[in-house]
There are 2 protein chains.
Amino acid sequence: MEVTRKNYKDCLNTVYSAIEEADFLAIDGEFSGISDGPNVSALTNGLDTPEERYTKLKKHSMDFLLFQFGLCTFKYDQAKSKYITKPFNFYIFPKPFNRTSPDIKFICQSSSIDFLASQGFDFNKVFCHGIPYLNQEEEAQLREQTEERRNQHANGVGTPSFISPSSSKGSSHVPEEHKDFINKVVEKVEALMVNSEKTLDLEPCTGFQRKLIYQTLNWKFPKGLHVETVETEKKERYIQISKVDEEERKRREQQKLEKEQEELNDAVGFSRVIHAISKSGKLVVGHNMLLDVMHTIHQFYCPLPEVCFAYFKYGAKMHFRYKKWQFHAWYEMYALFKVVLFFFFFFFFKDIQDFKEVTMCVFPRLLDTKLMASTQPFKELITNTSLAELEKQLKESPFKSPQVETAEGFPSYDTAQEQLHEAGYDAYITGLCFIAMANYLGSFLTPPKAYISARSKLIEPFFNKLFLMRIIDIPYLNITGPDLQPKRDHVLYVTFPKEWKTSDLYQLFSAFGNIQVSWIDDTSAFVSLSQTDQVQIAMNTSRYAESYKIQTYAEYIQGKQQEKEKQTTKTWGEDSWVKPHYTCSTTSAFGYSRMRKRSISPMQGEQGADDAQITDGWSHYSYPDTTGTKKMKTDDAANTKAVESKTSEGWLKTTDLSDSPGLSPAPDDEKSPEGTNPGNDADGTVPWQQTPTVHKRKGQKKKKSEGAESTPTLFEVPEVW
Amino acid sequence: MEVTRKNYKDCLNTVYSAIEEADFLAIDGEFSGISDGPNVSALTNGLDTPEERYTKLKKHSMDFLLFQFGLCTFKYDQAKSKYITKPFNFYIFPKPFNRTSPDIKFICQSSSIDFLASQGFDFNKVFCHGIPYLNQEEEAQLREQTEERRNQHANGVGTPSFISPSSSKGSSHVPEEHKDFINKVVEKVEALMVNSEKTLDLEPCTGFQRKLIYQTLNWKFPKGLHVETVETEKKERYIQISKVDEEERKRREQQKLEKEQEELNDAVGFSRVIHAISKSGKLVVGHNMLLDVMHTIHQFYCPLPEVCFAYFKYGAKMHFRYKKWQFHAWYEMYALFKVVLFFFFFFFFKDIQDFKEVTMCVFPRLLDTKLMASTQPFKELITNTSLAELEKQLKESPFKSPQVETAEGFPSYDTAQEQLHEAGYDAYITGLCFIAMANYLGSFLTPPKAYISARSKLIEPFFNKLFLMRIIDIPYLNITGPDLQPKRDHVLYVTFPKEWKTSDLYQLFSAFGNIQVSWIDDTSAFVSLSQTDQVQIAMNTSRYAESYKIQTYAEYIQGKQQEKEKQTTKTWGEDSWVKPHYTCSTTSAFGYSRMRKRSISPMQGEQGADDAQITDGWSHYSYPDTTGTKKMKTDDAANTKAVESKTSEGWLKTTDLSDSPGLSPAPDDEKSPEGTNPGNDADGTVPWQQTPTVHKRKGQKKKKSEGAESTPTLFEVPEVW
């Protein structure tokens, strides 16, 4: 169903109920660009840390507009044994809703626009009929403006009619040059009071003059008048004065109140859909969804980049606002929510850890089909994880085409007639991919099951892991826990003159056999050697070099960490007290806090010295700004093991799932899946193995003697793009 | 005629000949936004200097995209006694033309997009079928790439086929890991040479591998082979090798050369239209055209903002490029032109003076219909100078609807059915407005003339003066001379805490009667007093104020000037030697240099001490970076007079034109207007008068006693917006 500004209000309840009844939701976004900074290969260095990647995306991708949002809801119909889908394709555009509203600027990247154009994207629908939206701060500001007007009325200062916010602090006396004008208005109103006319239209005038009129009339005629600002067709504003009795006056004000509320809701616009998705706590499925998630939060919740500053400002305002609001019962809950949200944003939303926590608040359960398809047991079966190819492959054996039916009244998509890069269609086939892969997991059960619910524990290992494009050895960003820290002791950080090309690096390292170069910028790159023991030799030979410089990866990370600590200490000082006490309110309603806790429960007894600390899943995560230690440096084996075991995906590494004792007997109870067999996922605790071999390109000669052979590769990340 | 990427190449000759035959051209642009910085009221302060306004527009408006360009050519048909028009509406979009081409990012402003959407603008046509373009630097780079490939071929290094630019500097030996691959290719080619096949398709491979193949094959098989990179449908690149005799090889290369040239022209795209307009030297008419001119130059010639840096870089490259090009006869002229252009851009394009000079090079004759309509004798007759209203008013008496006819094959516009904000339509009615106003001037002649040509001296006073929006006392930016420097000694520059509102300023200056406030930013504003003699009193009373600070306008300008000089000295040092020697090559072909010289010729004998310097129209313009003096400070009467007289619009001030001795006998010879009566415009030398009264708002009480009354207002600028 195509949703634009024209039919948005009529559709909203349909959207709400579709979300309400769904088993899971699939989403997809289309943007006006990807990167306004470096080219994509620099944006996605193969040896980025998750934090680096997040920072780059935040810096270089958030000024684009998410202008099409696809939502497809999937509800399983037991009787029909098939999913009923409701696909929505929303067109989004920040149309300014009035003269004081923010005038959003966004960047377009010609390559992205050209690509969408070649796919038949309808830009007119976006720009002419896109649904507006507000983020949380803009919404709060608008509510505050509305509230201020109401307060003025309640205190008898003015009517609830419009007073321009910029002039609201003005002096209450009438300046000399306006006295004539105001006196004439008063004369006209006095005439109105005694003649038979019901209303009086004044000439269009300035905002300042209107303010003076309001003040004067309120003071001179406290009763019996209704004063309102009206706009002509030419957008000129003038004041209309009506004689009214008290009842009529109240009726009009009630009308005005309702109209204001409706306008406010209209302005919040599409954000209400995102709020509904968030509040539902349902599983949200996406394909390669990191940018979708970042953009959604950035656009409809709070801007990612300047969040520290924005929310500091916001904080001061919120406190003030809250004090005013507490007198208004129906605002109280909203205000409380906002204050909590603010403190949360303010103290937490600084780096990737903060992003993870906000993400968990907004989308408590995420699943990335690209990550799923790149993981055992699918990675052996799926050669190309791009959405279109994945969808095709999942129609073939050993997978089964999922049984789906489009709900009545929704136009049905035909997967044979590809409509790729329409967000609604992409969301739809992302959902299909998820169903096909989830059901495939059911074939490993004894007895096999043809249908696996979105609530099944079988898919839990894939929760909240967002695919990381083109990172060689870190397949995903782990939203609910610490990220993988692969060994990178075969990696060198090399700086050199900007004239150097890849071939210069090949030449420099020609003595060390196969290398892989990951460019960082014009004057630096990572060079991965095939054998770790060559690192020291390379370091030694470079000692007296003048044109270039070599550091180990550990030294490089340490340098960056120290840089960061310096900055962090400056900014945050001793404010770290709030950090560990955060609780996520929106998730608890769905028993998710329990689930999350379970999914990150530690493998007790597997670790040695770390046992005492492991009381929650977060204890191993390094907070550089609170502890000041350098836990990020290349991990020793024990540390890696401890971190990895907590991801609880042990079963993924067993290539034959039917052998897994934890899975075969698991009753896949869709009704209350969270409660059953809480101990199951403690099985299969083979630690997650890093894959030092993946840095080699296909087509390069493999040297059988290399050190990587000693650690068997159980989870190998395919090279994408 | 609507022109998109689809029909662009077919239309180009039509466009060229329309420009060629035209008497004048009208243009209009539509942009993706207006200001990405301050809001419009801060962007257009009523007391900006022309330089300040230009700097603000440059900084805050150049990142938007000019995505629709309207061009309407007007050719007078003597027989029919009417203009034949050819309107074109070009859709423009920087579609990347290949993988190494610039990926342009541009900003969209939601209010502007929303406005265009409400006017029925077709964004799909822009984004899906917009004509690409290149600016001069991009074009030069592309030519350089092409040239490099050709050179490699000429020197026998490679075939003219594609070699990726990034790999072109690589080492020439085959790295160890590619030796197997290359050896296999050589084996295959050896087989090809002896078997009956004509061509051999290799597997798709990387750019580096393709480069190795080219090098190896050129070395091993210098003759009898044609090697070419071909792209599959999936955009994978592979190498195709064909056995050819020498003749066939040459034929293929000639084909390739022609294809390259065509691709290059395609990439330059819409810029070719602008180049044709520029080369024609024809009068270019626009309505409120400053932003149109700035955008056109910025987008199709050279970026305005970072020009110093870009062209420094460019300079080094150009020199290198030129040295290579001199061996290629047909590039030589082009290269010379580029080098001249570069030096010109590099040394001149720093501030508003540089902008003026570039503008004169690109558009040697401009006329702004908004400025014309705001000037005597039109300003008394025209109440609203917005394009739509102007067009309507010029249909009524005393004006006459111009006689126009759309050329055969062009869809005709109906002015009754307004298609405003379609650039082609806006250009068309801008042309109509110009014709109506020009013809009106003919009614003052004895005998009156119904038709006034675009080459008539009657319109020369309006040449090259671009309307300045919302500046109280400077109606236009004077492209061919120094700008007006109105007396602003009734203006105060006030700084204050950011909490202050307009009402605080009214209160502060309540003792001084009427004031007008022009906000600069949160903490500063200009305050214009109604009487100059009050300035000193205001200054005295503020001496001990702590919360605010008052400076005279002269002090303010002096401070800014000093600031600028400091920066300029740092950047430019003693490099000013090139400044005065610039000559504009493109204009001379049309005798324009003479015309320009004439139109800015000084009124000799009118000035006193300055006589000796006045050998060209530029001598009075202050170059702060070369002279180091502070000529910008508030002008004394004599200086003002000297500057103003050079604008040679004296006749404009005589309200009854028929009284002007210089005009009535002037033979309006359309054939050779530049040559006749060169002395005529030296008449009517009443100095341009400033209008100290215009800073008062309508609706304010007029105090009859104010000092402004002493200088009669002959040219009063209407308040716009």
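Because the structure is predicted, anything quoted here is derived from the model rather than measured.

## What about the overall build of chain A?
When you go through chain A residue by residue, the secondary structure sums to 24 helices and 17 strands. For chain A, the proportion of its 721 residues judged to be buried stands at 57%. Taking the intrachain contacts of chain A between residues at least 6 apart in sequence as the baseline, contacts between residues at least 24 apart amount to 75%. Of the roughly 31,700 Å² of accessible surface on chain A, a fraction of 52% belongs to carbon and sulfur atoms.

## A few points about the environment of Ile 34 of chain B
Residues and elements named next belong to chain B. In this structure, Ile 34 sits in the loop between strand E2 (24-31) and helix H2 (40-43). The spacing of Ile 34 and Leu 441 is 407 residues in sequence and 34 Å in space, taken between C-alpha atoms. Not counting residues within four places of it along the chain, the set of residues in contact with Ile 34 comprises His 60, Ser 61, Phe 64, Gln 109 and Ser 112.

## Description of the packing of helix H11 (residues 290-300) of chain B against helix H14 (residues 352-362) of chain B
Residues and elements named next belong to chain B. Orientation of H11 relative to H14, taken along the N-to-C sense of each, is 80 degrees, at an axis distance of 11 Å. Relative to H14, the element H11 lies roughly perpendicular. Side by side, H11 and H14 meet where Leu 290, Val 293, Met 294 and Ile 297 of the first sit next to Phe 355, Val 358, Thr 359 and Val 362 of the second.

## Side note on the pairing of strand E3 (residues 66-77) of chain A
Residues and elements named next belong to chain A. When you tally the buried positions in E3, you get ten out of twelve residues, the bulk of the element. In terms of strand pairing, strand E2 (residues 24-31) meets E3 through eight bridges, oriented antiparallel. Opposite Phe 31, over in E3, you have Leu 66 as the bridge partner. Bridging between E3 and strand E4 (residues 82-91) involves ten bridges; their strand directions are antiparallel. Each residue of the ladder has a partner; that of Thr 73, found in E4, is Lys 86. Hairpin remark: E3 followed by E4, antiparallel, with four residues in the connecting loop; positive phi at Ser 81, about 55 degrees.

## A look at helix H3 (residues 50-61) of chain A
Residues and elements named next belong to chain A. With twelve residues, H3 extends 16 Å between its outermost C-alpha atoms, agreeing within 8% with the 16 Å of an ideal straight helix rising 1.5 Å per residue. Here H3 lies mainly inside the structure; nine of its twelve residues are buried. Buried within H3 we find Pro 50, Glu 52, Arg 53, Tyr 54, Lys 56, Leu 57, Lys 58, His 60 and Ser 61.

## As for the interface of chain A and chain B
Contacts between the two partners involve 40 residues from chain A, matched on the other side by 39 residues from chain B. In total, about 3,500 Å² of surface goes out of reach between chain A and chain B, with carbon and sulfur atoms giving 57% of it. Its largest share of buried area at the contact with chain B, chain A owes to Lys 105, Ser 110 and Glu 177 of chain A, together 17% of the area lost on that side. At the surface where chain A touches chain B, the tally comes to two salt bridges. Asp 114 of chain B serves as the salt-bridge partner of Lys 95 of chain A, at 3.2 Å between the closest nitrogen and oxygen. Counting across the interface, chain A meets chain B through 21 residue pairs in polar contact (both at pLDDT 80 or more). When contributions to the side of chain A that touches chain B are tallied by element, the ones reaching two or more residues are strand E5 (105-109), helix H4 (110-118), helix H5 (123-129), helix H7 (176-194) and helix H18 (502-508) of chain A.

## A word on the relation of the copies chain A and chain B
You can overlay chain A on chain B at an RMSD of 0.2 Å; the transform is a turn of 180 degrees with a shift of 0.0 Å along its axis. Here the two chains are linked by the operation of a two-fold rotation axis. Taking C-alpha positions as the reference, the residue of chain A nearest the rotation axis is Ile 107 of chain A, at 2.2 Å. Looking at chain A, 98% of its interface residues are interface residues in chain B too, so the copies touch through the same face.

## Some points on the pairing of strand E10 (residues 365-368) of chain A
Residues and elements named next belong to chain A. Side chains Arg 365 and Leu 367 of E10 all project onto a buried face; the interleaved residues Leu 366 and Asp 368 project onto the opposite face, where all are buried too. As paired strands, strand E9 (residues 283-286) and E10 are joined by four bridges and run parallel to one another. Opposite Val 284, over in E10, you have Leu 366 as the bridge partner.

## Looking at the sheet that holds strand E17 (residues 549-552) of chain A
Residues and elements named next belong to chain A. A sheet is described by the order of its strands in space; here four strands give the open sequence E15-E16-E14-E17, paired in antiparallel fashion. Taken across any chain shown, the strands that pair with only one partner, and hence form the sheet edges, are strand E15 (515-521) and E17. Put simply, the sheet's adjacent strands are angled 25 degrees from each other on average, direction ignored. Where E15 meets strand E16 (residues 524-529), six bridges bridge the pair, whose relative direction is antiparallel. By the bridge assignment for E16, Gln 516 is matched with Ser 528. On top of the sheet, helix H19 (residues 534-542) reaches strand E14 (491-495), E16 and E17; it is set at about 150 degrees to E17, its chief contact.

## Looking at the side chain of Ser 453 of chain B
One can find Ser 453 of chain B in the loop between helix H17 (423-442) and strand E12 (465-467). A polar atom in the side chain of Ser 453 of chain B sits 2.6 Å from the backbone nitrogen of Arg 455 of chain B.

## Observations concerning the UniProt feature "domain: R3H" (unreviewed entry) in chain A
UniProt marks residues 179-245 of chain A with the feature "domain: R3H" (unreviewed entry), using the numbering shown here. Along residues 179-245 of chain A the backbone is 45% helical and 25% strand, and the end-to-end C-alpha distance reaches 29 Å.

## Comments concerning the confidence of the model for chain A
All names here are of chain A. Summary statistics for chain A give a mean pLDDT of 74 and a share of 69% for residues scoring 70 or more. Per-element averaging of pLDDT across chain A places helix H22 (residues 592-599) at the bottom with 32 and E9 at the top with 98. Low pLDDT, under 50, characterises residues 305-328; the predicted model gives this stretch 50 contacts beyond four residues in sequence or across chains. Scored by ipTM, the complex comes to 0.72, with pTM at 0.72.

## Let's talk about the side chain of Asn 478 of chain B
All names here are of chain B. Locating Asn 478 in the fold gives a position in strand E13 (residues 476-478). Exposure remark for Asn 478: the relative accessible area of 4% places this residue in the buried category. For Asn 478, the side chain forms a polar contact with the main-chain oxygen of Pro 482, separated by 3.1 Å.

## Focus: the environment of Gly 70 of chain A
Residue and element names in this part refer to chain A. Among the secondary structure elements, Gly 70 is positioned in strand E3. Considered as a pair, Gly 70 and Ala 423 are 353 residues apart in the sequence and their alpha carbons are 4.2 Å apart. Ignoring sequence-local partners within four residues, the contact set of Gly 70 consists of Ala 26, Ile 27, Asp 28, Phe 88, Asn 89, Ala 423, Gly 424 and Ala 427.

## A look at the pattern of salt bridges
Under the defined criterion, the tally for this structure stands at 51 salt bridges over all chains. The partner of Asp 122 of chain A in a salt bridge is Lys 125 of chain A, and the shortest N-O contact between them spans 3.9 Å. A salt bridge links Asp 266 of chain B to Lys 9 of chain B, with the nearest nitrogen and oxygen atoms 3.0 Å apart. Of this pair, Asp 266 of chain B sits in helix H9 (residues 246-268) while Lys 9 of chain B is found in helix H1 (residues 8-21), placing the two residues 257 residues apart along the sequence.

## As for the nonpolar core
Counting 148 residues, the largest nonpolar core has Leu 71, Phe 90 and Phe 123 of chain A together with Leu 71, Phe 90 and Phe 123 of chain B as the members making the most contacts within it. Leave out the neighbours within four places in its chain, and Phe 90 of chain A touches Val 3, Val 15, Phe 67, Gln 68, Phe 69, Leu 71, Ile 131, Phe 270 and Val 273 of chain A.

## Examining helix H10 (residues 271-280) of chain B
Residue and element names in this part refer to chain B. A large share of H10 lies buried, amounting to eight of its ten residues. Within H10, burial applies to Ser 271, Val 273, Ile 274, His 275, Ala 276, Ile 277, Ser 278 and Ser 280. Two residues or fewer past H10, Gly 281 is found with a positive phi of approximately 65 degrees.

## Some points on the packing of aromatic side chains
All names here are of chain B. A full pass over the atoms with the stated rule returns 79 aromatic pairs over all chains. Arranged with centres 5.7 Å apart and planes meeting at 50 degrees, the rings of Phe 378 and Tyr 440 form a pair that is tilted. Of this pair, Phe 378 sits in the loop between helix H15 (369-373) and helix H16 (387-393) while Tyr 440 sits in helix H17, and the two are 62 residues apart along the sequence. Classification of Phe 378 by relative accessible area gives buried; the value is 0%.

## Some points on the sheet that holds strand E8 (residues 237-243) of chain A
All names here are of chain A. The strand order across the open sheet formed by three strands is E6-E8-E7, and the pairing between neighbours is antiparallel. Looking at the sheet topology across the chains shown, the edges are occupied by strand E6 (199-201) and strand E7 (225-231). Each strand axis lies, on average, 20 degrees off the axis of its neighbour in the sheet, ignoring direction. Looking at chain direction, E7 and E8 are connected through seven bridges and run antiparallel. When the bridges of E8 are listed, Val 227 appears paired with Ile 241.

Rules used throughout
- Residues numbered from 1 in each chain as written.
- Chains lettered and ligands numbered in written order.
- Predicted model: local features only at pLDDT ≥ 70, side-chain atom pairs only at ≥ 80, totals over all residues.
- Heavy atoms only, no water.
- Helix = DSSP H or I, 4+ residues; strand = E, 2+ residues; numbered from the N terminus.
- Buried < 20%, exposed > 50% of the residue type's maximum accessible area, 1.4 Å probe, protein only.
- Contact = heavy atoms within 4.5 Å.
- Areas by Shrake-Rupley, 256 points an atom, 1.4 Å probe, with all protein chains shown as cover.
- Axes fitted to C-alpha atoms, helices over the stretch in contact; angles between N-to-C directions.
- Parallel < 35°, antiparallel > 145°, perpendicular 65-115°, else oblique.
- Pairing = 2+ DSSP bridges.
- Expected span 1.5 Å × (residues − 1).
- Buried area = accessible area lost by both parts, 1.4 Å probe.
- Salt bridge = Lys/Arg side-chain N within 4 Å of Asp/Glu carboxyl O.
- Polar contact = N/O pair within 3.5 Å; in protein donor to acceptor, adjacent residues only side chain to side chain.
- Least-squares fit on C-alpha atoms with pLDDT ≥ 70 in both.
- UniProt positions renumbered as here; feature names shortened; annotations may be inferred.
- pLDDT = per-residue confidence, 0-100.
- Core = buried A, V, L, I, M, F, W, Y, C linked by side-chain atoms within 4.5 Å.
- Phe/Tyr/Trp six-rings, centres within 6.5 Å; stacked < 30°, edge-to-face > 60°.

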